[in-house]
Amino acid sequence: MAGPRVVIIGAGVVGAALADELSSRGWTEVTVVDQGPLPATGGSSSHAPGLVFQTNPSKTMTELARYTVEKLCALDVDGQPCFLQVGGLEVATTPERLTELRRRQGWLTSWGIEGRLVGPEECVDLHPLVNRERVLGGLLVPTDGLARAVLAVEAQIRAATARGVRFLPRHEVLDIHTDGEHGERVTAVVTDQGEIPADVVVCCAGIWGPKIARMVGMNLPLTPLAHQLAWTGPVPALAGQAEEAVRPILRHQDADLYYRDRFDRIGIGYYGHRPMPVSADDIASVDSADGSAEPMPSVLRFTEDDFADAWTETQSLLPATRDAKVEEGINGLFSFTTDGMPLLGESPDVKGFWVAEAVWVTHSAGVGRAMAEWLVDGHCSSFDLHECDVNRFEPHQLAPDYVLARDCQNFAEVYDIIHPLQPPGAPRPLRTSPFHVRERELNAFFLEASGWERPQWYSANEPLLARWPIPTPNDWAAQLWSPIVGAEALATRDSVAMYDMTALKRLEVAGRGATAFLQRLTTANVDKSVGSVTYTLMLDEDGGIRSDITVARLGRDLFQVGANGNLDLDWFTRHLPDDGSVVVRDITAGTCCIGLWGPKAREVLQPLADSDFSNNGLRYFRAKRAHIGAVPVTAMRLSYVGELGWELYTTADMGLKLWDTLWEAAQPYGGIAAGRGAFNSLRLEKGYRSFGTDMTYEHDPYEAGLGFAVRMDKGDFIGRAALERRAADVRRRLTCLTIDDPRAVVMGKEPVYDDGRPVGYVTSAAYGYTIGKGIAYAWLPAELATAGRALRIGYFDQRVPAVVAEEPLFDPSMSRLRG
């Protein structure tokens, strides 16, 4: 036996995959418990229809699905394959959906999956039951197919068992024991048949996950929802089909439907019905005496009325089903989350308690591998998991009312066409800055950021369009856009603008050990004079970028950190020393921030201030405390838009006064309030990166063009050893591209081509109103990242000409920032 004592709760597709992956890495002291029998345990895996469509806007989710396909294709149980690679076909019955399929094909190309668009005739050739009169075209992914979930569970159980893993069916988990004064570490799992010692517990309980997690005081933002799956009786057109599946799995997303073969019958899945949430506490347990519940715990009674529209539409799309009838159906329970992503990682409060939840069959084996790497190596090297980390949520995002509303919304939107900027629905508004009342008076158009209402533009600035005519982008890019965005960007460059930066995460790090703590976690030298501000990175042990942050030293033992989100707070908290010498506080809710930027920013600010804001009085990347009128502020001379100015922080109670003071002083200079749309355009003109979009855990500083933020001579820091190995082997680069056509504005995640060959993908994109060109940052092979290189970007059905450009595109001398 090797490795710590691991108990996995749940032997479905995720638990079995994790046991297999852990044992293959040498961790064999693993016990898997499940309340049901094996291999069909009674959870979602036992009734899952098995359709695996790999297409996803998330690169991570696509890669998890690809690994699942590859692994399951290699598994069998006594000669029975665990995956039927029949391909996947998505059909369009409306022009809007056909356009969407072109976007989806772009994602596949970006993430390295084969997929091609097919015409209506080929759709029928591929799936002869499809009504030619209904379809306009389709998207074919040859490697998609059907996962035989229960067989896959059995195959992975056999492999893990052969390495020494122990599986205990019909063991219901009653409690999880912890030790420490506040229950800081797991020690055992208590079942109805005894206690199992544990150093690590991984909850793979699926729809029961919230119930298990509460045993250690953890709140999982997961809701089980019923999803309808029906089976026809024999379809005469399929009579004599000897193989389980011969046609591609089929999606009809315009009607929230999908289909699969099962010999001479058709399975029909439907998302178009009303959301039907169920509390995890109300789901029956599998009876440990006979291993059953009626019919199984994850299956609810089929509600025929909810399926009526689905059957009508099915008979239209697949006319052969008119000669059959719906013979059986279920309302099967699956897990949904507030952002549609899995919940992976360790509890923030109880060491050794991990979760791998809200994972469907499609991504199950990939998640098993990711979790195994994370547990064994301390980080995941195969997948970028920042979108999946269970600690990504803000406190309000764990509120039961919020979780239920957003989970139901995600169910309803499973097959919807979602614009990249489309904000979520209710509940809104949730978080508003102290400036919100003034922003509404200026007719702000709000989008949402981490629950904050954040202005995208202000309709009050419409008169600026008389001075600055703004080109209109293509129809897709013009959604949730206004020409006012461009006018606000140009007004910022021309005079001065106020930006609400309150949504930026702010952390306070204090204590006698604060300096050493930050030095250990960051790549740059933050042990500088009081008043210094440092742009720096946080890395994982493998040298991948975990975040980019700013660190302002406000006192000998006091720092303010501009962070990217709750994962940064979680990372800080996990690395706190045990001696109490460092305290980390999230100060976001009690503070606010205005970015005052533009060539006239000093003329606005200096007369209001009790301190010197000249170039010598406060240099670039320096901070100090001052008063602006009656308002005490912390002023940092930073600018994400590439113009002279400051980030001005104050307490929330003084925020409105700060806004009014600056607003009144800015009016003689033509000052405006500007929104996030302008901000994004301006930051791309300066080449400023955005973590989570431009770079993530899978990228290192040298690839991302952020080597300047690394100080190898400062001493040791997390990831330093890995960087020494990676510095000399840069094979890809984050690269600036420009586009001449003002209508050809791309949005992000599009493939990039070199002579017709896909070579990379776009991260951030916008129109640069100052430079008069479209801008797209993209990951490319290093040999293609040379200025002047002509490439093309795949945008729906277009190949948009683009050229590699030197960066930054605006003010390369930095004179406007440093003046």
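Look up a bit, the structure's there.
All chains use their own residue numbering, which begins from 1 and follows the written sequence. Local features in this predicted model are restricted to residues of pLDDT 70 or higher, and side-chain atom pairs are both shown and tallied only at a pLDDT of 80 or more, whereas totals for entire chains, interfaces and linings draw on every residue. The basis for every side-chain value is the complete set of non-hydrogen atoms in the structure, without hydrogens or water.

## Brief notes about the overall build of the chain
Then comes step 1: Tallying secondary structure elements over the chain gives 19 helices and 42 strands in all.
Then comes step 2: Its C-alpha atoms give the chain a radius of gyration of 28 Å, within 12% of the compact-globule value 28 Å for 819 residues.
Then comes step 3: Each principal axis of the C-alpha distribution contributes one length, and for the chain these read about 85 × 65 × 50 Å.
Then comes step 4: Residue exposure (1.4 Å probe, protein chains only): buried if accessible area is under 20% of the type maximum, exposed if over 50%, otherwise partly exposed. Looking at the chain as a whole, 61% of its 819 residues are labelled buried.
Then comes step 5: For the chain, contacts bridging at least 24 residues in sequence account for 72% of all contacts bridging at least 6. Note on conventions: DSSP H or I runs of at least 4 residues are helices, E runs of at least 2 residues are strands, and numbering of each starts at the N terminus. The atom set for the radius of gyration is the C-alpha atoms, and the globule formula is 2.2 Å times the number of residues raised to the power 0.38. Any pair of residues with heavy atoms lying within 4.5 Å of one another is described as a contacting pair.

## Here's the deal with the pairing of strand E40 (residues 773–781)
Then comes step 1: Most of E40 is tucked away, with 8 of its 9 residues classed as buried.
Then comes step 2: Sheet topology note: the strand E37 (residues 732–739)/E40 ladder contains 8 bridges and is antiparallel. What sits directly across from Leu-734, in E40, is Trp-779.
Then comes step 3: When DSSP finds at least two bridges between two strands, those strands are taken to pair. Alignment of strand E39 (residues 757–768) against E40, held across 6 bridges, turns out to be antiparallel. By the bridge assignment for E40, Tyr-761 is matched with Trp-779.
Then comes step 4: Following E39, the chain reverses through 4 residues before pairing antiparallel with E40; Gly-772 in that reversal takes a positive phi of roughly 70°.

## With respect to the pattern of salt bridges
Then comes step 1: A carboxyl oxygen of Asp or Glu within 4 Å of a side-chain nitrogen of Lys or Arg is what we treat as a salt bridge. Following the criterion strictly, the structure yields 56 salt bridges and no others.
Then comes step 2: Between Glu-21 and Arg-25 there is a salt bridge, and its shortest N-O distance comes to 2.7 Å.
Then comes step 3: A relative accessible area of 29% places Arg-25 in the partly exposed class.
Then comes step 4: Connected via shared salt-bridge partners are Asp-20, Glu-21, Arg-25, Lys-71, Arg-163, Arg-369 and Glu-373.

## Observations concerning the sheet that holds strand E42 (residues 798–804)
Then comes step 1: Reading around the barrel, the 6 strands line up as E37-E40-E39-E38-E41-E42 and close back on themselves, with antiparallel pairing between neighbours. For this sheet, the mean angle separating the axes of adjacent strands, direction not counted, is 45°.
Then comes step 2: Contacting E39 and E40, helix H17 (residues 676–685) crosses the sheet at an angle of about 120° to E39. Where helices are involved, their axes are fitted lines through C-alpha atoms of the stretch in contact, as for all axes, and angles between N-to-C directions lie from 0 to 180°.

## Digging into the packing of helix H3 (residues 59–73) against helix H9 (residues 364–377)
Then comes step 1: Following both chains from N to C, one finds H3 and H9 inclined at 105°, their axes separated by 6 Å at the closest point. By the criterion of interaxial angle, the relationship of H3 to H9 is roughly perpendicular. In contact with Leu-64, Tyr-67, Thr-68 and Lys-71 of H3, H9 contributes Ser-364, Ala-365, Gly-366, Val-367, Arg-369 and Ala-370.
Then comes step 2: Under the scheme applied, nonpolar residues are Ala, Val, Leu, Ile, Met, Phe, Trp, Tyr, Cys and Pro; charged residues are Asp, Glu, Lys and Arg; polar residues are all the others, including Gly. In the contact of H3 with H9, the residues fall into 5 nonpolar, 3 polar and 2 charged. In these notes the angle categories are as follows: under 35 degrees is roughly parallel, over 145 is roughly antiparallel, 65 to 115 is roughly perpendicular, and the rest is oblique.

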